[in-house]
Amino acid sequence: MLTIPDYRLRLPGPTAVPEPIRQATALPVLNHRGAEFRAMLAECHQRLKPIFGTAHDVLTFAGSGTAMMEAALANILSPGDAVLVVVAGQFGERFVAIAKAFGAEVHALDVEWGGALDADRVAARLRQRAYRAVVMVHNESSTGVAYDVAAVGAVVRDTPALLIVDSVSGLAGVEMKMDAWGADIVVSASQKSLMCPPGLGLAAISAKAWQAIGRDGRMPCFFADFRRARASLDKDGTSFTPPVTLVYGLLVALRMIDAEGLANVLARHDRLASALRAGVQALGLALYNQPSTSSATVTAMKVPAGLDGGAIVRHMRERYRTVIAGARHPSQTGKVIRIGTMGMIGEADIITDLRHLEATLNDLGRPAEVPHAGVRAALDVLAARAQAPRTNKAADGEPS
Ligand code: PLP
């Protein structure tokens, strides 16, 4: 048998998997073409729609978030197409790399990392030339910023360009209203706010996007060809063997989200992230991003001068068994640490994070000016922001 370390997984994904989901993923594998599994898949697809904020198709694939970023571009690009990629962090850079790998003409719209995106800049670029797509990250995990997709959608919607959005670390933790906001393809993955193990990729697709996907002469694309996937979806199936047990897990996760209520889930993420931000700042760590842009699922903070982010992450893990993340980008190495506030977390997680962070800073020779100031600041936020009342629906993943 395997022995795995027992630590608190507090990364910005993958996130700790709640017990009902973990148990579901250990159930026996069913016939992936059988009626029972098809019914589960169909229920997942239906339950995902309100989370994406769409009435359109949601596709599931075996694969990670990056596979879905690639699939989104491969399915809409023809050779020589130009794309405008908003680059505000490492995952924007990844979109640039993927688009270049497919031979697209890539134009970057650089945004200061941690800063806000002015949608007028996108509008100005769209007036200068035609693009097949505007490509952006909803929730930039490298900087802890949630971007205003609605504002970008408003300027892209009435142009021929599609709006492609990575919401890998946003979906189900930060609001997504794909149809209302004018996003055309939104991709995500199972291991973040959806609380599942990694391995399932998701893509929701608008009617406008299907027109581009249906064109002849697209880039080569086979496994993640959305056209084939949609034909399979019509029969409540997938084109190729799906990760059957992950679909069980996703179904339980989606029932849990429904039991809590999506609005309550989003409010819980926002409240806990606010408390964590208040706490880390009270400990003397500045946020990496401008406060107005803060994400509800990832908190990125600057490491105080004279300390090394890698050492903080290491000490938190080795001494306090709390696993947080360091910098995502070489330019940030040692200077940034990040904590996830996504998935099935509660007040106790935030308080423990702050206790362990304070103790770590203390151990590394940087004691807090006011002991317990971080925990106190977080408790103040939690007290000031009432918790959403629990619904009376079952919260154990059973259908309600
Ligand atoms: N996009 C964002 C915003 C992410 O946070 C991540 C992963 O952390 C990815 C894309 C890539 O996802 P994956 O690691 O599942 O390929």
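Since this is a predicted model, take the numbers as computed values, not measurements.

A. Highlighting the overall build of the protein chain. When its secondary structure is counted, the protein chain shows 14 helices and 13 strands. Taking 400 residues into account, the globule formula puts the C-alpha radius of gyration at 21 Å, and the protein chain, at 21 Å, falls close to it. Based on the C-alpha atoms only, the size of the protein chain along its principal axes is roughly 65 × 50 × 40 Å. Counting the 400 residues in the protein chain, one finds 57% classified as buried. The long-range fraction of contacts in the protein chain, counting pairs at least 24 apart against all pairs at least 6 apart in sequence, stands at 73%. Taken as a whole, the protein chain presents about 16200 Å² of accessible surface, with 54% of it coming from carbon and sulfur. Taking the average place of the 42 positive charges on the side chains of the protein chain and the average place of its 38 negative ones, the gap between the two points comes to 2 Å.

B. Summary view of the site of the ligand. By nearness alone, 14 residues border the ligand, and Ser64, Thr66, Ser141, Asp166 and Lys192 come closest of all. A distance of 2.5 Å is found between an oxygen atom of the ligand and a side-chain nitrogen or oxygen belonging to Thr66. Take Gln191: an N or O atom from its side chain is 2.8 Å from an oxygen atom of the ligand. Within the complex, the protein chains bury 87% of what would otherwise be the 390 Å² of accessible surface of the ligand. Mapped by element, the contributors of at least two residues to the shell around the ligand are α3 (65-76) and α4 (90-101). In terms of residue class, the shell around the ligand is made up of four nonpolar, seven polar and three charged.

C. Region of the structure containing helix α10 (residues 244-260). For α10, built from 17 residues, the straight-helix expectation of 24 Å at 1.5 Å per residue is met to within 8% by its first-to-last C-alpha distance of 25 Å. Across the 17 residues that make up α10, a large majority, 15, are buried. Looking one or two residues past α10, Gly261 carries a phi angle of roughly 95°, positive in sign.

D. Representation of unusual backbone geometry in the model. A cis amide bond links Gly13 to the next residue, Pro14, at an omega of -5°. Examined against the element boundaries, Pro14 turns out to sit in the loop between β1 (8-9) and α1 (19-24). Positive phi outside glycine occurs at Asp236, with the angle close to 55°. For Asp236, the location among the structural elements is in the loop between α9 (226-233) and α10.

E. How the structure looks around the domain arrangement of the protein chain. Its domain assignment divides the protein chain into domain 1 (19-258) and domain 2 (262-384). Relative to domain 2, the C-alpha centre of domain 1 lies at a distance of 28 Å. Where domain 1 abuts domain 2, roughly 2000 Å² becomes buried across the two surfaces, and 59% of that area is made up of carbon and sulfur atoms. Our count for the domain 1 to domain 2 interface comes out at zero salt bridges. Between domain 1 and domain 2 we count 11 residue pairs in polar contact (both at pLDDT 80 or more) in total. Tallying contributions element by element places α4 first for the side of domain 1 that touches domain 2, with four residues.

The rules behind the values
Residues numbered from 1 in each chain as written. Predicted model: local features only at pLDDT ≥ 70, side-chain atom pairs only at ≥ 80, totals over all residues. Heavy atoms only, no water. Helix = DSSP H or I, 4+ residues; strand = E, 2+ residues; numbered from the N terminus. Rg over C-alpha atoms; globule rule 2.2 N^0.38 Å. Buried < 20%, exposed > 50% of the residue type's maximum accessible area, 1.4 Å probe, protein only. Contact = heavy atoms within 4.5 Å. Areas by Shrake-Rupley, 256 points an atom, 1.4 Å probe, with all protein chains shown as cover. Lys, Arg positive; Asp, Glu negative; His and termini not counted. Charge placed at Lys NZ, Arg CZ, Asp CG, Glu CD. Near = heavy atom within 4 Å. Polar contact = N/O pair within 3.5 Å; in protein donor to acceptor, adjacent residues only side chain to side chain. Nonpolar A, V, L, I, M, F, W, Y, C, P; charged D, E, K, R; others polar. Expected span 1.5 Å × (residues − 1). Domains from an automatic or database assignment. Buried area = accessible area lost by both parts, 1.4 Å probe. Salt bridge = Lys/Arg side-chain N within 4 Å of Asp/Glu carboxyl O.

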